Amino acid sequence: MEKLIETFAPITLAEMSSVKLMNRTDTKFVTTMPKLMQLLAMARQDYYVQEIDGERNMLYDTTYFDTRSFGMYQEHQHGHAGRQKIRFRTYVSSHLQFMEVKTKNNHGRTKKKRIEVVDMDLNDEAKRAFLDKNLHFQVDELVPHMHNYFHRVTLVNKAKTERLTIDTALQFNNVLTNQSRDMGKLVIVELKRDGQVFSPVLEMLRQLRIHPHGFSKYCMGAAMTNQALPVNRFKQKLHDVERILSNEL
C-alpha cells in the first residue's frame, strides 16, 4: 500500500481548507487489503493524497467516552435520530488532540463540533462549557469506554468537493473489560461529501463490488469486546465483518 499511495499527487492541509465538511453526509464501505490495492490503483488519477511533513499514512489514537449506562451506545443500538458520540482523537504524528462531538440526524447528515485540547480531563471548564453546549448527556456521567488505533490515508478528489478516508490496521481495546480485538486486514473506507455532489470513487467501488456498509468504530468495537452489551441492531453487521475477515475477498 505504501508504494501505491506514493504515486498520488500530494495535497497539504492548507490546500484542503475548503474541504472541511463539518456538516456532511458520510457513506462507509468495509473491505480488505487486496480490494483496497485495486481501488488505489484505479483512483490515483482522480485524487490527491493528504501529506503532512512527508507522511501520508497517519496513526490515529482515539478514546471514546460514554455514560456509565452506555447511553450513546444504546442510542445507536436503537437507531435514534440525533444520536451522538464523544471522543478524544490524537493525531500522533502532529501531537494534536481534539475533543469531538458528532451528531447524526435522521436525514443521514453528520455534524461535528470539536475543540483542541491537551488532555482528557473533563473537569476542565472549557471542556465542560463546550459539552454543555453541544452534548445532550450530562458531563458528570461520562467515563472512558473504548480505545482504538488505526492508520489513515486521506484522499481528496481533484474538484475538492469530497474526502475519502481509508483506515487500516484497526485495533480495539475496551477500557472496562480489558478485552482487545485486532481487526487484521479489514479496511474501512469512508466517503465524506457535502450533499450529493458527483463522486469519482463511487463507480470504482461499484466495479469492485464494494458496497455501502455501516461501521461505527465505537459501537462495533464495544460490541466485539463487551459481551454484556446488546447487539440486536448490529448482529448482521458483526456477521458481515466476520465473514469478510474469514474470506479476505
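For the structure, see preceding data.
Cut-offs applied
Residues numbered from 1 in each chain as written. Predicted model: local features only at pLDDT ≥ 70, side-chain atom pairs only at ≥ 80, totals over all residues. Heavy atoms only, no water. Salt bridge = Lys/Arg side-chain N within 4 Å of Asp/Glu carboxyl O. Buried < 20%, exposed > 50% of the residue type's maximum accessible area, 1.4 Å probe, protein only. Helix = DSSP H or I, 4+ residues; strand = E, 2+ residues; numbered from the N terminus. Contact = heavy atoms within 4.5 Å. Arc of directions from axis to C-beta. Core = buried A, V, L, I, M, F, W, Y, C linked by side-chain atoms within 4.5 Å. Axes fitted to C-alpha atoms, helices over the stretch in contact; angles between N-to-C directions. Parallel < 35°, antiparallel > 145°, perpendicular 65-115°, else oblique. Left-handed = near helix turned anticlockwise from the far one by under 90°.

Peer 1: Teacher, can you tell me more about the pattern of salt bridges here?
Peer 2: Opposite charge on two side chains allows them to pair when their charged atoms are near. Applying the stated rule across the entire model yields 11 salt bridges. The closest approach of N and O atoms between Asp-119 and Lys-127, which form a salt bridge, is 2.7 Å. Note on Asp-119: relative accessible area 33%, which makes it partly exposed. A salt bridge links Glu-190 to Lys-192, with the shortest nitrogen-to-oxygen separation between them at 4.0 Å. The exposure class of Glu-190 is buried, given its relative accessible area of 4%. A relative accessible area of 4% means that Lys-192 is categorised as buried.

Peer 1: How should I be thinking about the environment of Met-16 in this particular structure?
Peer 2: By secondary structure assignment, the location of Met-16 is in the loop between β1 (9–11) and β2 (23–32). Residues Met-16 and Val-156, spaced 140 residues apart in sequence, show a C-alpha to C-alpha distance of 7.9 Å. Not counting the four nearest positions on each side in its chain, Met-16 is found in contact with Ile-11, Gln-50, Thr-154, Val-156 and Arg-163.

Peer 1: In this structure, what is going on with helix α5 (residues 200–207)? I would like to understand it.
Peer 2: Working note: α-helix, 3.6 residues per turn, so residues spaced by three or four point in the same direction. Burial in α5 covers these residues: Pro-200, Val-201, Met-204 and Leu-205. Summarising the axial view, the buried residues of α5 lie within an arc of 125°, below the 170-degree limit, and thus occupy one face.

Peer 1: Where do I start with the nonpolar core in this structure?
Peer 2: One recurring pattern in soluble globular proteins is that nonpolar side chains are buried together. The biggest cluster of nonpolar side chains holds 28 residues, and the ones touching the most others in it are Tyr-73, Met-183, Leu-186, Phe-215, Tyr-218 and Val-241. Going through the elements one at a time, β4 (58–67), β8 (142–157), β9 (162–174), β11 (186–193), α6 (217–225) and α7 (235–247) are the ones with two or more residues in this core. Ranked by residues supplied to this core, first place goes to α6 with six residues. Ignoring anything within four residues of it in the chain, the contact list for Tyr-218 reads Tyr-64, Asp-66, Phe-70, Tyr-73, Lys-85, His-145 and Met-146. Judged by nonpolar contacts, the second largest core, of 22 residues, contains Leu-40, Tyr-47, Val-49 and Met-204.

Peer 1: Can you walk me through the packing of helix α2 (residues 33–43) against α5 in this structure?
Peer 2: Geometry of a packed helix pair, given as the angle between the helix axes and the separation of the axes. Look at α2 against α5: their axes get within 10 Å of each other, and the N-to-C directions meet at 140°. In terms of orientation, α2 lies oblique with respect to α5. As for how α2 packs across α5, the hand of that crossing is right-handed. Residues Leu-39, Met-42 and Ala-43 of α2 lie in contact with α5, whose contacting residues are Val-201, Met-204, Leu-205 and Gln-207.

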